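# Secondary and tertiary structure notes
Given next are the chains, with one letter for each unit.
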Amino acid sequence: MILPCTHTYILMGKTGFLLPLMVMALLPTADAIFSAYSPSNITTDQMALLALKSHVTHDPGNLLAIGWTTSTFVCKWIGVTCGSTHHRVTALNLSGMGLTGTIQPHLGNLSFLASLDIQHNRFHGSFPTELANLRRLKLLNFGNNSFSGDISSTLGNLSKLEKLVLSENGFQGQIPTVFGNLSNLKYLSLRDNQLSGDLSSGIFDYLSQLQVLDLSRNYFSGIFPTSLFKCKEIEYIVLSYNQLKGTIPLEVGNSTSLIDFDIYHNSFSGRIPTLPPQLRWLDLSENQLIGEVPPSICNMSSAKEVDLSENNLDGNIPECFGNLSLSLLHLNLYMNNFRGKIPETFFPENCSLRSLRINNNQLEGPIPQSLANCKDFEVLDLGTNKFTDTFPSWLGNLKNLLILFLRSNRFYGHIPSPEVSSSYSRLRIIDISDNDFSGRLPAKFFKNLHAIINGVEKKGKAEYMSDEPSDMLLYSEELIYVIMKGLKAKVMKISTALTVIDFSNNRFNEGIPKILGELGSLIVLNLSHNSLTGPIPSSLSNLSQLESLDLSSNKLQGRIPEQLVNLDFLEVLNLSSNNLSGLIPRSNHFDTFTNDSYAGNFGLCGFPLSKSCGNNQDVESPPTKSDDTGKELNWKFSILMGYGCGLVFGLSMGYVVFTTGKPFWLIQIIERVQHKYIGTKIRRGGGRK
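Before going into details, it helps to say that this report is about the structure given with it. Bear in mind the structure is a predicted one, so any value in this text is a computation, not a measurement. (Residues numbered from 1 in each chain as written. Predicted model: local features only at pLDDT ≥ 70, side-chain atom pairs only at ≥ 80, totals over all residues. Heavy atoms only, no water.)

## Considering the pattern of salt bridges
Rule in force here: Salt bridge, as used here: a side-chain nitrogen of Lys or Arg that lies within 4 Å of a carboxyl oxygen of Asp or Glu. Runs of E in the DSSP output that reach at least two residues are strands. Runs of H or I that reach at least four are helices, and both are numbered from the N terminus. Relative accessibility under 20% of the residue-type maximum defines a buried residue, over 50% an exposed one, and the middle range a partly exposed one, all with a 1.4 Å probe and only protein chains included.
One pass over the structure, following the stated rule, counts eight salt bridges. One salt bridge connects Arg-191 with Glu-168, and the closest N-O pair in it is separated by 3.2 Å. Highlighted residues: Arg-191 in the loop between β11 (187-189) and β12 (194-198) and Glu-168 in the loop between β9 (163-165) and β10 (170-173), separated in sequence by 23 residues. The same class applies to Arg-191 and to Glu-168, which are both buried. A salt bridge links Arg-191 to Asp-214, with the shortest nitrogen-to-oxygen separation between them at 3.3 Å. Remark: Asp-214 occurs in strand β13 (residues 212-214) and Arg-191 occurs in the loop between β11 and β12; sequence separation between them is 23 residues. Assigned by exposure class, Arg-191 and Asp-214 land together as buried. Within the structure, one salt-bridge network assembled from shared partners comprises Glu-168, Arg-191 and Asp-214.

## Considerations on the sheet that holds strand β30 (residues 412-413)
Applicable threshold: By this definition, two strands are paired if DSSP reports at least two bridges between them.
Strand order in the open sheet made by the seven strands is β30-β32-β36-β38-β40-β42-β43, with parallel pairing throughout. The open sheet has two free edges, formed respectively by β30 and β43 (603-605), since each of these has just one partner strand. Examined bridge by bridge, strand β42 (residues 579-583) and β43 share three bridges and lie parallel to one another. Residue pairing for β43: Leu-583 is matched across the bridge by Cys-605.

## Regarding the side chain of Asn-361
In plain terms, the rule: Pairs of N or O atoms within 3.5 Å make up the polar contacts considered here, provided that, within protein, one atom can donate a hydrogen while the other can accept it, and that residues adjacent in sequence are counted only when both atoms are side-chain atoms. Pairs of residues are marked as contacts when any of their non-hydrogen atoms sit within 4.5 Å.
Within the fold, Asn-361 resides in the loop between β25 (355-357) and β26 (362-365). The exposure class of Asn-361 is buried, given its relative accessible area of 3%. A distance of 3.2 Å separates the side chain of Asn-361 from the backbone nitrogen of Asn-336, its partner in a polar contact. Setting aside residues up to four positions removed in sequence, Asn-361 forms contacts with Leu-333, Tyr-334, Met-335, Asn-336, Asn-337, Phe-338, Thr-384 and Asn-385.

## Quick word on the environment of Phe-73
Checked against the element boundaries, Phe-73 lands in the loop between α4 (63-67) and β2 (80-82). Residues Phe-73 and Ile-42, spaced 31 residues apart in sequence, show a C-alpha to C-alpha distance of 9.6 Å.

No statement about biological role is implied by the geometric values presented.
The structure is reproduced here in structure tokens:
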């Protein structure tokens, strides 16, 4: 024990020579007592971590159950790092362990903690205010969990914090204004929560070191926070999927460090201001911007991606975009009011473009053959314009082409046979619907579609058409619009398993080529609204993955092949408005199709039609000798069922979002494609488009 002061005085007076010896004797005891009872030792750290462990209700890998025991020194526990000087816990990393539980106040006792990372788990509950005691904390990552409630204002006390990630949770309310006290903050991500309020307060006035800001997928409103450009080191601004409005501030043009400016899916209006030349990723899509593209965009010599889609921009597409194509990988200008021709200089030699989406504009003229200079093209969407040209057969030289859309233009003539067998070998989606193509369906073209014939070879791992190494902060994804019968859906991250052939609403004639039956991984086939004749080939029954078949509004004749009942995945069948006859095949699966699938074929009978078959029609007739040809019957019936032109596809940039309804068959097709080869559900939020 410690002696009272009076006793110490007496001893000093009477036995002063004994004092040094007594002090020396007492020091080890006092040190031991202090070590045993002080709140600042490794035992306290151990108790705090054991308290956390006790509130983990699910530990699928038994990582804490086995690795966090009192028989092992705490600094050797999994995910725990200790400092070499004080042997105190300085870092805790439990990311990606699949843990479920709550965070306890005891964690605030880890007084030497500088890094706390529990992202990609299932922790829930509110934010523990006791974490404000961690004054040494530099990194705090609670991303991708299930936390809820308000973000604690006590975080403003963490003056040394450099990186704060609370993304992909259920936090609500506003950003605490005390965040402005985090003067050392460099990285702030609050993406994908339910946060709201105005961003125009002074939160950003004193964050002089901020480099990365991601507030996307929330409910922030008001105008763009111009104080954000007081952060002179800002490199990434991601405010997409909010409710911001007003004009884009002119100050953006003065930023010398900004390389990613992403504000898509808001309500910004007005003209695009002058942009900084060092930008690499620019996404202003899905706003209400007007006017022409500013010349400053052509100074972005290091640009990788430019997305101005879904606005009200007009004028000609600037020729100077050709100056960017040596670095530019993705250019999205679709769903605007651009007009005029595409100049030949748009695609110089050594063009780096991988995707070009200029659909749904007013562009005209022929397709410049210089487009073939972009050897790495994977996605090309020229749909819904006024292009007038024959089929651009030179596209066969683009060895990496995966998706081709020429729909809803003024293309004409026949589809020539590919010059070499490797042409179109990787093509998985082609839509040339709603044009003026004519002649026979191109059998040799179909024979070259090796990717559809062979299907997806690697199973068990998600593979997407946009997967590529990238130094972007946030990943890039492809998006596809699907429209059928007036219903539109968006599908993010196109799986390589999705395969589509849409040649509908043209003037193709003669028979359906038997070779189509060899496209074993085909998901959607639409040949409707043409002048095809002859029987339906029984070889189509080999399309084991087929989920949508539309042969409506042609001049097909004969019986429906009995073998089609083997198409187990078929969700959509439309054979209406043809000259088909005989008994409709029956099976548990086929019986789910309604009258609409067969309407306008007055020779058909049997379920689900009300017309019954006579005795001479109850037995199947012998197979047709030739599946490819047949004498054309007179076109006696011209009943249009109002199905439109079948499947129409459009492309933009990463989730399934149904904009005008959720047809059960369409959900099944999209989700089955996602599940069939990767065994996981479609992710429904977060990230870049």
